[in-house]
Amino acid sequence: MDELDIEKVLNFDENEFLKDVFRQVKLESMKTIAKEKKELMKKPKLVDLFLEVTSRCNARCEHCGSSCGDFMPKDEITKEELEKALLDIHNAYGGKNVYLFVTGGEPLVRKDLFDIMKYARSLGYNWGMTTNGMLINDKIIEKMKETEIKTISISLDGLKETHEKFRKVPGSFDIIIDNLKKLQKLDCLVELQVTTVANKKNLHELESVYNLLLDIGIKNWRLATVDPIGRAKANDEILLDKDGYNYVFNFIKEKRQEGKIKLEYGCSHYLGVDNEMELRDYYFNCGTGIHIGSILSNGDIFACPNIERRKELIQGNIRKDNFVDVWENKYELFRKKRANTNAKCKRCKSYKYCHGDSFHTWNFDDNKPNICMKEILGKDFYV
């Protein structure tokens with residue numbers, strides 16, 4: 001062995017070697033996903049359908065992406081209109097092949113919600129719901145059981161004072177905790193999840209929330225970071241900086257290693273090869289308009305409900321259009337490369353993996369992402 005070989009052996013860093021191996025494995029997996037996405041853009045497949053059954057809500061959350069309120073809109077979609085759309089989709093794809101994510105507003109303010117879901121179940125659809133958890137009671141839980149709800153995500157954004165101040169509903173915290181305990185006994189549930197939106201006002205409480213969830217037996221926790229959309233768009237008091245993101249990412253990694261709870265970062269944003277599969281159990285892949293569609297509370301046919309609701313992005317309306325026809329023949333904007341309109345993205349080595357990042361934080365005026373983890377994390381971002 002010559003001196004050069006001896007020097008290589010002495011300077012060998014096993015951790016750096018393994019880190020590089022993992023990077024290469026991940027990059028190959030992400031290349032495969034990129035190829036699959038390219039094919040889906042040519043031949044989309046509806047897998048997830050968001051039903052925004054109302055824009056009414058009993059809370060006034062500081063981060064709400066839809067800026068919902070307690071007003072009764074004149075154009076809220078009817079039970080019959082929704083059921084007609086569900087039947088059209090069932091006839092085309094089979095209800096059992098499309099998962100329904102019921103959202104709002106607060107879905108439970110709608111009195112005929114479970115009548116709609118009973119009909120959906122008769123067509124074979126499985127369904128889940130995102131709720132603030134405040135309107136759940138024993139009667140509601142019984143209706144959930146009757147309609148065989150599979151998944152529930154309930155919002156909890158800190159301890160009592162922080163959560164109630166953030167959601168603008170005094171007394172809501174104790175109600176939510178009580179309902180989380182009750183829902184764990186609901187046999188039809190496949191997943192009961194708590195969702196927390198990390199922001200400047202609650203970072204200091206994440207450890208306490210973690211311990212609380214363990215104490216009450218919660219097994220699934222989704223920790224997202226606040227995005228500059230809806231009411232949060234111009235709210236610097238809650239938007240995170242680089243240090244805030246790093247704190248959340250390191251917190252998630254630490255708790256995932258402990259293995260006491262299934263903790264995942266939200267579905268948003270390409271996080272860089274070193275963070276992908278470390279913060280959640282899947283690679284980033286924004287599927288809006290490719291395998292994700294939605295029906296908004298006014299009947300508009302749309303993509304991910306969190307996307308800015310610009311006139312040119314609305315694909316149709318179920319009051320006059322057949323959802324299936326729209327799904328199969330429109331959504332052009334969501335099925336083409338965004339780098340074609342942004343020179344910086346086009347030059348970026350990460351574009352093949354991020355594809356312009358999440359659509360709901362894309363700036364349609366300037367044709368650029370409002371959130372780019374590569375820019376936020378800087379030198380800490382590999383590819």
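Being a predicted model, the structure only gives us computed values, none of them experimental. (Residues numbered from 1 in each chain as written. Predicted model: local features only at pLDDT ≥ 70, side-chain atom pairs only at ≥ 80, totals over all residues. Heavy atoms only, no water.)

Participant: Run through the overall build of the chain, naming residues and quoting values.
Facilitator: Looking only at helices and strands, the chain has 13 helices and 12 strands in total. Rg of the C-alpha trace for the chain: 22 Å, near the compact-globule value of 21 Å for 383 residues, within the 12% margin. With respect to the three principal axes, the spread of C-alpha positions in the chain is 80 × 50 × 40 Å. In the chain, buried positions account for 54% of the 383 residues. Long-range pairs, those at least 24 residues apart, make up 69% of the contacts in the chain with a sequence separation of at least 6. Summed over all atoms, the accessible surface of the chain reaches about 18700 Å², with 50% contributed by carbon and sulfur. (Helix = DSSP H or I, 4+ residues; strand = E, 2+ residues; numbered from the N terminus. Rg over C-alpha atoms; globule rule 2.2 N^0.38 Å. Buried < 20%, exposed > 50% of the residue type's maximum accessible area, 1.4 Å probe, protein only. Contact = heavy atoms within 4.5 Å. Areas by Shrake-Rupley, 256 points an atom, 1.4 Å probe, with all protein chains shown as cover.)

Participant: So what's going on with the pattern of salt bridges? Residues and values would help.
Facilitator: As enumerated under the stated definition, the model contains 30 salt bridges in all. The partner of Arg167 in a salt bridge is Asp157, and the shortest N-O contact between them spans 2.4 Å. One end of the pair, Arg167, is in helix α6 (residues 160-167); the other, Asp157, is in the loop between β4 (151-155) and α6, and 10 residues separate them in sequence. Here Arg167 and Asp157 have matching classes, each one buried. (Salt bridge = Lys/Arg side-chain N within 4 Å of Asp/Glu carboxyl O.)

Participant: Run through the environment of Ile116, naming residues and quoting values.
Facilitator: Along the chain, Ile116 falls in helix α4 (residues 113-122). Distance in space between the C-alpha atoms of Ile116 and Thr78 is 9.7 Å, their sequence separation being 38 residues. Leave out the neighbours within four places in its chain, and Ile116 touches Lys79, Leu82, Glu83, Leu86 and Arg110.

Participant: An account of empty space enclosed by the protein is requested, with residue identities and associated values reported.
Facilitator: Applying the stated criterion to the full structure yields 2 cavities of 30 Å³ or more. For the largest cavity, the calculated volume is near 60 Å³. Around the largest cavity sit Met30, Ile33, Ala34, Tyr270, Glu276, Tyr283, Phe284, Lys352, Tyr353 and His355, which together line it. Secondary structure elements with two or more residues in the lining of the largest cavity: α2 (14-42) and α12 (351-354). Of the residues forming the lining of the largest cavity, the biggest block, 3 residues, is contributed by α2. Looking at the lining of the largest cavity residue by residue, the classes come out as 7 nonpolar, 1 polar and 2 charged. Empty space within the second largest cavity amounts to approximately 30 Å³. In this structure, the second largest cavity is lined by Leu271, Gly272, Val273, Asp274, Asn275, Leu377, Asp380, Phe381 and Tyr382. Among the residues making up the lining of the second largest cavity, the classes are represented as 5 nonpolar, 2 polar and 2 charged. (1 Å grid on protein atoms, 1.4 Å probe; cavity = no way out; pocket = protein on both sides within 12 Å on 5 of 7 lines; lining within 4 Å. Points joined across faces, edges and corners; volume = space filled by probe spheres on them. Nonpolar A, V, L, I, M, F, W, Y, C, P; charged D, E, K, R; others polar.)

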